[in-house]
Amino acid sequence: DVELVTAIGYQGNRSLALGGYNSSWAAQSTIEYKALSSSGDTLDFGDPAFGASIEKASCGSDSRAVFMGGSDTEAGGSYTGTNNIEYLTIANTGNGTEFGDLLVAGKALAAGSGNGVRGLFVGGRTTSGNVDQIEYLTVATPGDAQDAGDLTRTISTFAANANVAPGRMICPMSFDSAYDNKDFNYVAIMSTDDAADFGDASVDTAFIVTIGLSESRNVWAWGREGSGGHALHMEYVNPSTLSDTTDFGDLQTTASNGAGKHTNGTRGEAWSGHADFNDDVQYITIASTGDATNAGTIGNGQR
């Protein structure tokens, strides 16, 4: 998934999703795309540079999508984390191209963020446990990631958001060893500062999906609400103001651990979800609260 929006300079109207699970829990070597102004189904874009993969993070600009980390398949169906970074030219369908490597090898279930110039790769899980590191790269220049400070604690399985104004990455801190976290972190994207506390969600959350980004509103779909299972609930914050979340509305079907950050500043979408391996595409209008509307399907099932 990638954040791409004409309204704030680093997002556009085409959005992409790379890899993911299918209904047999097998990793996929596909890339899907669609226009965010359309309610049609997703279409085939090309193939990843490193083959089948799951649990990748992303950042991007108005011309390039960058996918980081995640897990690659091995013989026998097991998974191992990777430090691979690849990129796609958004305007042209085609295959991924190698970009560079992450600092911390073997990270999956991390989060991607950015402002169109700098991309961030945040937290994640390795074979040694969850990490608190923030790494950065320059989207326009292939190369290895660099160190950019730390989160307030180690974490994985979460979704980071970003906006050009006020230039912040905002992270729901999601799953560590339990589904009982409400806290958010934030950091200035162009800095190498450590993250700080932003506010809290109304419920315990994990497997969160970013469903809409604008200059004044970040909207999340809660993937899982504590021990209550996969959720339909959405909440939002104003990224300029440290605060707790506010109710937005409900999804039609759960987007838990699906593909998010599909947004053009006006409309936001969530693609699929693993609770029931649905292939739904759902959208919201970011500026007005309300329930999501179904709009097409994503190929190859759950992402």
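Residues numbered from 1 in each chain as written. Predicted model: local features only at pLDDT ≥ 70, side-chain atom pairs only at ≥ 80, totals over all residues. Heavy atoms only, no water.

1. Structural notes on the confidence of the model for the protein chain
A residue-level look at the protein chain finds 91% of positions with pLDDT of 70 or above and a mean pLDDT of 84. Mean pLDDT across the elements of the protein chain bottoms out in strand β8 (residues 79-81) (70) and peaks in strand β10 (residues 97-101) (96). Confidence drops under pLDDT 50 across residues 1-9; counting only partners more than four residues distant or on other chains, this segment forms 56 contacts. (pLDDT = per-residue confidence, 0-100. Helix = DSSP H or I, 4+ residues; strand = E, 2+ residues; numbered from the N terminus. Contact = heavy atoms within 4.5 Å.)

2. Some thoughts on the environment of T241
With respect to the secondary-structure elements, T241 resides in the loop between β23 (233-237) and β24 (246-250). Overall, T241 belongs to the partly exposed group, its relative accessible area being 42%. On a C-alpha basis, the gap between T241 and A221 in space is 20 Å, while along the polypeptide they are 20 residues apart. Once residues lying within four places of it in the same chain are set aside, the contact partners of T241 are R168 and F198. (Buried < 20%, exposed > 50% of the residue type's maximum accessible area, 1.4 Å probe, protein only.)

3. Some points on the pattern of salt bridges
A full pass over the atoms with the stated rule returns five salt bridges. In this structure, the salt-bridge partner of K34 is E269, at a minimum N-O distance of 2.9 Å. You can see K34 sitting in strand β2 (residues 31-35) and its partner E269 sitting in strand β26 (residues 267-273), a full 235 residues away along the chain. In terms of burial, K34 and E269 fall into one category: buried. Taking the shortest distance from any N to any O, the salt bridge between R267 and E269 comes out at 3.1 Å. A single burial state applies to R267 and to E269, both of which are buried. (Salt bridge = Lys/Arg side-chain N within 4 Å of Asp/Glu carboxyl O.)

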